[in-house]
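This is what each chain is made of:
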Amino acid sequence: MLQYDVVMNDRWVKGMYAKYCATLSVDTRNHGIGHAITVANTCEKFARMVNMKEERINELKIAALFHDIGIADFGKVGHNLRGANMTREYLSNKQISNKEMIYDAVKNHTNGGVENLYCKILFFADKIDVCKNRMTGIGAKTRGNRQFAHFEGVDFGILNDTFIVKFKTNGKIDMNELNSYYFVAKIFTSIKALADHFKLKYMVLLDGKDWVVRPSAVNIPKSMSLFRQ
Ligand SMILES: [Fe+2]
Ligand SMILES: [Fe+2]
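Please read these numbers as outputs of a predicted model, since none were measured by experiment. (Residues numbered from 1 in each chain as written. Chains lettered and ligands numbered in written order. Predicted model: local features only at pLDDT ≥ 70, side-chain atom pairs only at ≥ 80, totals over all residues.)

Draft legend 1. Here's a closer look at the environment of Gly15. As for its position among the elements, Gly15 is in helix H2 (residues 11–23). As for Gly15 and Ile69, which are separated by 54 residues in sequence, their C-alpha atoms are 9.8 Å apart. (Helix = DSSP H or I, 4+ residues; strand = E, 2+ residues; numbered from the N terminus.)

This is how it looks when you write it as structure tokens:
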């Protein structure tokens, strides 16, 4: 069976991510292989919390590793679809189960609105990788997004019947600006989708206090088309 570690060290995979980074003049920490590996590790952490089998964790991590690979030649627009096709091609002659779930997770990682647990976990892991080390030059100037420069860490766990996600900041956040940014709705939606899947309640904390957002931010229809990718 194809192993995650093999894929992670694959020259073609590394080359695709490096290609994207090399083609842009701004720094590209937000979609390089470092981000893909962080997302894969976050996926694994969640998967272990819900006792997923080793083989499934391996498949999930491979989906996570590939999730942004479609960005290589043409940038962000449509990278999910291109990435799914590249994943399909790469895995076509490899021995691994649940290929369709892997492609589907890559394809839908930008909106998460599908009944595929790999996709739900990937959507969550991708969205919570928002800390300052991912801030790009452009991102730091974008209203709303620039608030993520104050994020220093994130952790999560399941306590009894509650899925708890905790963000740590440097305390300098403008909460009004942050909460009006579309991406916050995506973070909350990804958390709610996982909590619903496992029939858990959820709690999101920012520096130990409830991160309160407008209710509409989490009551988002299945189709996430209202939101920018
Ligand atoms: Fe992406
Ligand atoms: Fe991503």
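Draft legend 2. Layout of the nonpolar core. In this structure, Cys43, Ala63, Ala64, Ile121, Leu122 and Ile191 are the most contacted members of the largest nonpolar core, which totals 55 residues. Here this core gathers at least three residues from each of two domains, domain 1 (4–127) and domain 2 (132–217). In contact with Ile121, other than residues within four places in its own chain, are Cys43, Phe46, Ala47, Leu60 and Leu194. (Core = buried A, V, L, I, M, F, W, Y, C linked by C-beta atoms within 7 Å. Buried ≥ 20, exposed ≤ 12 C-beta atoms within 10 Å, placed from the backbone. Domains from an automatic or database assignment. Contact = placed C-beta atoms within 7 Å.)

Draft legend 3. Summary view of the sheet that holds strand S3 (residues 201–206). Sheet architecture is open: four strands sit in the order S1-S2-S3-S4, paired in mixed fashion. Looking along the sheet, the strands with just one partner apiece sit at the ends: strand S1 (151–159) and strand S4 (209–210). As defined by bridge partners, S1 adjoins strand S2 (residues 162–169) across eight bridges and the pair is classed as antiparallel. Each residue of the ladder has a partner; that of Gly153, found in S2, is Lys168. Across the sheet, helix H10 (residues 182–197) touches S2 and S3, and the angle it forms with S3 is around 150 degrees. (Pairing = 2+ DSSP bridges. Axes fitted to C-alpha atoms, helices over the stretch in contact; angles between N-to-C directions.)

Draft legend 4. Region of interest: unusual backbone geometry. Of note in this structure, Asn51 is not a glycine but carries a positive phi near 55 degrees. Among the structural elements, Asn51 can be located in the loop between helix H3 (33–49) and helix H4 (54–66). For Lys199, which is not glycine, the phi torsion reads 55 degrees and is therefore positive. Residue placement: Lys199 occurs in the loop between H10 and S3. Residue Lys199 is classed as exposed on the basis of its C-beta count, with 7 C-beta atoms lying within 10 Å.

Interpretation note: all reported values are geometric properties and have no functional meaning in isolation.
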